[in-house]
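A structural walkthrough
Here is how the chains run, residue by residue.
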Amino acid sequence: MAVARSLKHISAQLIDDVNGKTIAAAADRDVDTKGKKKSEAAMLVGKLIAERAKAKGVTTVVFDRRDKRYHGRVKAVADGARTAGLIF
């Protein structure tokens, strides 16, 4: 699972490295973020990517945060995915 973060948005992708294909993707534009903080929206993105992963039969992933530190919104995505049942 790769997480991309900008100043305004956050997104996550499940990527199959062997075949080089994206299995599922989720972004803050896919969830209702009206009136929510950025970290709350990131948690919803994590839950959404976990739901989409389960629908595709994926239960275990490797977390790729790229060059971003594991805190704030990046951590919120991971926490949301874990609470929805994805195993890291």
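Quick note: structure is the one above.
Please read all numbers here as calculations on a predicted model, not as lab measurements. (Residues numbered from 1 in each chain as written. Predicted model: local features only at pLDDT ≥ 70, side-chain atom pairs only at ≥ 80, totals over all residues. Heavy atoms only, no water.)

Description of the side chain of Asp28
Under the convention used in this document: Under the scheme used here, helices are H or I runs from DSSP no shorter than 4 residues and strands are E runs no shorter than 2 residues, and both carry numbers assigned from the N terminus. Relative accessibility thresholds used throughout: buried, under 20% of the residue-type maximum; exposed, over 50%; partly exposed, between the two (1.4 Å probe, protein chains only). Think of it this way: Lys and Arg go in the positive column, Asp and Glu in the negative one, and His and the chain ends go nowhere. Salt bridge, as used here, is a side-chain nitrogen of Lys or Arg placed within 4 Å of a carboxyl oxygen of Asp or Glu. Polar contacts here mean pairs of N or O atoms no more than 3.5 Å apart (in protein, one a potential hydrogen donor and the other a potential acceptor; neighbouring residues in sequence count only if both atoms are side-chain atoms). What makes two residues a contact is simply this: any of their non-hydrogen atoms within 4.5 Å.
Note on placement: Asp28 falls in the loop between β3 (21–27) and α1 (38–55). Arg29 provides the closest opposite charge to the buried, unpaired Asp28, separated from it by 4.6 Å. Engagement of the side chain of Asp28 in a polar contact is seen with the side chain of His9, the distance being 3.1 Å. For Asp28, the contacting residues outside a window of four places in its chain are Lys8, His9, Ile10, Thr33 and Val45.

Here we look at the pairing of β3
So the rule is basically this: Criterion used throughout: strands pair if DSSP finds at least two bridges between them.
Looking at chain direction, strand β2 (residues 10–16) and β3 are connected through six bridges and run antiparallel. Across the sheet, Ser11 pairs through a bridge with Ala27, a residue of β3.

Here's the deal with the sheet that holds β3
Condition: Between the N-to-C directions of two axes lies an angle of 0 to 180 degrees, each axis being a line fitted to C-alpha atoms and, for a helix, fitted only over the stretch in contact.
Here three strands make up an open sheet; going across it, the order is β1-β2-β3 and the pairing antiparallel. Both outer strands of the open sheet, β1 (2–5) and β3, are each paired with one neighbouring strand and no more. Between one strand axis and the next, the sheet turns through 20° on average, direction left out of account. Most of the contacts of α1 go to β3, to which it runs at about 145°, and overall it touches β2 and β3. On the sheet, helix α2 (residues 73–83) packs against β1 and β2 and is oriented at approximately 55° with respect to β2.

This is a description of form; function is not addressed.
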